[in-house]
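Architecture and fold: a report
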Amino acid sequence: MKPTPTSPSEPILAFGAHPDDIEFGCGGVIARETRAGRAVHFVVCSRGEAGTNGTPTLRSAEARRAARLLGATLEFVRLDGDAQLEIRAAHSLKLAGIIRRVRPAAVLAPSLASNQHPDHYRLGQLVRDATRLARYGGLQALNARPAHAIGQLLFYAVSPDAEPPDLQPVLIDVSAPEIVAAWTAAMEAHVSQMKTRNYVDLQLARARVHGLRAGVAHAQPLWPNDPLVFDSLAAMTRAAARF
Ligand SMILES: [Zn+2]
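Below you will find a few notes about this structure. (Residues numbered from 1 in each chain as written. Predicted model: local features only at pLDDT ≥ 70, side-chain atom pairs only at ≥ 80, totals over all residues. Heavy atoms only, no water.)

**Looking at the pattern of salt bridges**
Rules: Throughout this description, the term salt bridge denotes a Lys or Arg side-chain nitrogen within 4 Å of a carboxyl oxygen of Asp or Glu. Relative accessibility thresholds used throughout: buried, under 20% of the residue-type maximum; exposed, over 50%; partly exposed, between the two (1.4 Å probe, protein chains only).
Counting across every chain of the model gives seven salt bridges. Salt-bridge contacts for Glu33 lead to Arg38; the nearest nitrogen and oxygen are separated by 3.4 Å. Residue class for Arg38 comes out buried when judged on its relative accessible area of 12%. Linking Glu86 and Arg88 is a salt bridge whose minimum nitrogen-to-oxygen distance equals 3.5 Å. For Arg88, a relative accessible area of 38% puts it in the partly exposed group. Through salt bridges that share partners, Asp80, Glu86 and Arg88 make up one connected network.

Shown next as structure tokens:
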């Protein structure tokens, strides 16, 4: 099946290993998309049960509130549990089934950089495999729904160490005050996690640095899994080259 160009009418599907990963790693991008009228669906693959702070019940509630603040829908999927995620074909097939149900234009997943929580990069790999399996027509395990080819898989970095070294990101301008406000509120909804350290400040500072590179107030980086395709050089007029 040939991938089709992404259309604003098709949803975005974001995967997170823990209840706060999506908000911290790409919440500004999500806020921007939902405010532009695009449907966004979150799939969270644990309830943060191995975290230092917060119970699974509390963390699930925080995630639901954060998703609401960003205008996204959310579901939890049980894989191996927090801090126990393994690479298994069965997991990729399960996630591929979700991709076939939601039929997104773009999929967001944690980056594959290894110096971060192991659930993050393992989920990134499972999602990358799932996007491939979702488009294969002959898989019996997935034949309840027609195959689906996504337009693009984009990786986000939950922390500075999760930013893939030696790869240039695509920077998304999230500077509009209402976008920064919605993103900040969604991060602050994870109240239990603020006891560990001030993650909101950390993410806003990261976005500020990427924004300064791009000549805007705040930007969030994403790393495409595949080469981006443009119709002409005219669509490539902006670049971050401020230093
Ligand atoms: Zn995490």
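**Focus: the layout of surface pockets**
Here is the rule: Cavities and pockets are found on a 1 Å grid laid over the protein atoms alone: a cavity is a set of points where a 1.4 Å probe fits but cannot escape, a pocket is an open set with protein on both sides within 12 Å along at least five of seven lines, and a lining residue has an atom within 4 Å of such a point. Grid points are joined across faces, edges and corners, and a volume is the space filled by probe spheres set on the points. Secondary structure elements follow DSSP: runs of H or I of four or more residues count as helices, runs of E of two or more count as strands, with numbering from the N terminus. Under the grouping applied here, Gly and all other residues not named as nonpolar or charged are polar, the nonpolar ones being Ala, Val, Leu, Ile, Met, Phe, Trp, Tyr, Cys and Pro and the charged ones Asp, Glu, Lys and Arg.
Of the voids in this model, the second largest pocket is the one considered here, and its volume is about 530 Å³. Within the residue set of the lining of the second largest pocket, elements represented by two or more residues are α1 (21-35) and α6 (199-214). By residue number, the principal contributor to the lining of the second largest pocket is α6, which donates three residues. Residues that form the lining of the second largest pocket fall into these classes: six nonpolar, 11 polar and six charged.

**Some words on unusual backbone geometry**
For Ala83, which is not glycine, the phi dihedral falls at a positive 70 degrees. Looking at the secondary structure, you find Ala83 in the loop between β3 (73-76) and α3 (89-102). Note on Ala83: relative accessible area 45%, which makes it partly exposed. Even without a glycine there, the phi angle at Asp166 is positive, about 70 degrees.

**Considerations on the coordination of the zinc ion**
Put simply, the test is: Water is not among the atoms examined, so metal sites may look incomplete; donors are the N, O and S atoms within 2.8 Å of the metal, or within 3.2 Å for Na, K and Ca.
The zinc ion binds to the protein through His18 (ND1), Asp21 (OD) and His120 (NE2); the donor distances cover 2.0 to 2.1 Å. Donor residues for the zinc ion sit on one chain with the sequence pattern H-x2-D-x98-H. Here His120 lies in helix α4 (residues 118-134) and Asp21 lies in helix α1, a separation of 99 residues in the sequence. The same class applies to Asp21 and to His120, which are both buried.

**Overview of the packing of aromatic side chains**
Formally: Each aromatic pair joins two rings of Phe, Tyr and Trp (for Trp, the six-membered one) with centres within 6.5 Å, and gets the label stacked for planes under 30 degrees apart, edge-to-face for over 60, and tilted for any other angle. Placement of a positive charge over a ring is assigned whenever Lys NZ or Arg CZ falls within 6 Å of the ring centre and within 35 degrees of the normal to the ring plane.
Evaluation of the coordinates by the stated rule reveals one aromatic pair. With a centroid separation of 5.5 Å and 40 degrees between ring planes, the pair formed by Phe24 and Tyr199 is classed as tilted. Remark: Tyr199 occurs in helix α6 and Phe24 occurs in helix α1; sequence separation between them is 175 residues. Overall, Phe24 belongs to the buried group, its relative accessible area being 3%. In this structure, Arg47 packs its charged tip against the face of Phe76, placed 4.2 Å from the ring centre.

**Thoughts on the sheet that holds strand β2 (residues 40-44)**
Put simply, the rule is: Here a strand pair is declared whenever DSSP counts at least two bridges between the two strands. To get an axis, a line is fitted to the C-alpha atoms, and for a helix only the part in contact is used. The angle between two axes follows their N-to-C directions and goes from 0 to 180 degrees. Every residue pair with non-hydrogen atoms within 4.5 Å of one another is taken to be in contact.
Reading across from one edge, β3-β2-β1-β4-β5-β7-β6 is the order of the seven strands in this open sheet, with mixed pairing throughout. The open sheet is flanked by β3 and β6 (170-173), the only strands paired with a single partner. On average, adjacent strands in this sheet sit at an angle of 30 degrees to one another, irrespective of strand direction. Bridge analysis of strand β1 (residues 12-16) against β2 gives five bridges, and the strand direction is parallel. Along β2, the bridge assignment pairs Leu13 with His41. With respect to the sheet, α3 is in contact with β1, β2 and β3, its orientation differing from that of β1 by roughly 155 degrees. The sheet strands contacting α6 are β6 and β7 (219-224), and the helix crosses β7 at an angle near 80 degrees.

**A closer look at the nonpolar core**
Our working definition: What is meant by a nonpolar core is a set of buried Ala, Val, Leu, Ile, Met, Phe, Trp, Tyr and Cys residues, joined one to another through side-chain atoms within 4.5 Å.
Core analysis: the biggest nonpolar cluster contains 28 residues, and Leu13, Phe15, Leu95, Leu123 and Val127 have the highest contact counts within it. Those elements giving two or more residues to this core turn out to be β1, α3, β4 (106-110), α4 and β5 (152-156). Of the residues forming this core, the biggest block, six residues, is contributed by α4. Setting aside anything within four residues of it in sequence, one finds Leu13 in contact with His41, Val43, Ile98, Ile99, Val102, Pro104, Ala106, Val107 and Leu108. In terms of nonpolar packing, the next biggest core, distinct from the first, is built from 27 residues, Phe42, Ala63, Ala72 and Tyr156 among them.

So far we have only geometry, and geometry alone does not tell us how the molecule works.
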